[in-house]
Amino acid sequence: MIKGLVISMTSILISTSAFAGVKSICGSNDDRVLSFDAKIGRLSVEGKHKGCTVTMISETCGVTAGHCEPVLERAEFNTPESINNEPQPSNLKDVYKIDKSTIVA
């Protein structure tokens, strides 16, 4: 069961022309490192991770990239490591429904 707390979200829109010459910010090597920052969560739709994250700026307000608006359904925190490159779901106590009526673009 998803907790009763509802998270308000703020989208930040950035002009893509600022990144016109950049094809990828990741490069050819996966050099990500584990993060244990409790303020950072992953966004998902129907339990499926869609590649977007959220950063909480208060107890009930978070920010994410503007292109992530379609996946503003659930925010998952304390996410476990992937298994065989498959993202694993967070414990239900760490999953929050996003109140879409509070989204500001």
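Coordinates for the structure precede this section.
Everything numeric here is computed off the predicted structure, so don't read it as measured data.

### Focus on the environment of Val54
Turning to step 1, where the next piece is worked out: Among the structural elements, Val54 can be located in strand 3 (residues 48-56).
Turning to step 2, where the next piece is worked out: It is 8.1 Å that separates the C-alpha atoms of Val54 and Lys39, two residues lying 15 residues apart in sequence.

### Focus: the packing of aromatic side chains
Turning to step 1, where the next piece is worked out: Summed over all chains, the structure comprises 1 aromatic pair.
Turning to step 2, where the next piece is worked out: For the pair Phe77 and Tyr96, a centre-to-centre distance of 5.9 Å together with 70 degrees between the ring planes defines the contact as edge-to-face. Taken as a pair, Phe77 in the loop between strand 5 (74-76) and strand 6 (95-98) and Tyr96 in strand 6 lie far apart in primary sequence, 19 residues in all.

### Thoughts on the side chain of Ser90
Turning to step 1, where the next piece is worked out: Along the polypeptide, Ser90 turns up in the loop between strand 5 and strand 6.
Turning to step 2, where the next piece is worked out: A polar side-chain atom of Ser90 sits 3.0 Å from the main-chain carbonyl oxygen of Phe77.
Turning to step 3, where the next piece is worked out: Apart from residues lying up to four places away in sequence, Ser90 is in contact with Arg42, Glu76, Phe77, Asn78, Thr79, Pro80 and Val95.

### Re the environment of Phe36
Turning to step 1, where the next piece is worked out: Topologically, Phe36 is positioned in the loop between strand 1 (3-12) and strand 2 (40-45).
Turning to step 2, where the next piece is worked out: Spatially, the C-alpha atoms of Phe36 and Asn78 are 7.7 Å apart, while their sequence positions differ by 42 residues.

### A word on the state of the cysteines
In protein structure, a disulfide is the covalent linkage between the sulfur atoms of two cysteines.
Turning to step 1, where the next piece is worked out: Counted under the stated rule, the structure contains 1 disulfide.
Turning to step 2, where the next piece is worked out: There is a disulfide in this structure between Cys52 and Cys68, and the S-S distance comes to 2.1 Å. With the S-S dihedral at roughly -85 degrees, the linkage between Cys52 and Cys68 falls on the left-handed side. Taken as a pair, Cys52 in strand 3 and Cys68 in the loop between strand 4 (61-65) and strand 5 lie far apart in primary sequence, 16 residues in all. Across the pair, Cys68 and Cys52 agree in class, each one buried.

Cut-offs used in this document
- Residues numbered from 1 in each chain as written.
- Predicted model: local features only at pLDDT ≥ 70, side-chain atom pairs only at ≥ 80, totals over all residues.
- Heavy atoms only, no water.
- Helix = DSSP H or I, 4+ residues; strand = E, 2+ residues; numbered from the N terminus.
- Phe/Tyr/Trp six-rings, centres within 6.5 Å; stacked < 30°, edge-to-face > 60°.
- Polar contact = N/O pair within 3.5 Å; in protein donor to acceptor, adjacent residues only side chain to side chain.
- Contact = heavy atoms within 4.5 Å.
- Disulfide = S-S within 2.5 Å.
- Buried < 20%, exposed > 50% of the residue type's maximum accessible area, 1.4 Å probe, protein only.

Shape descriptors only; they carry no functional weight alone.
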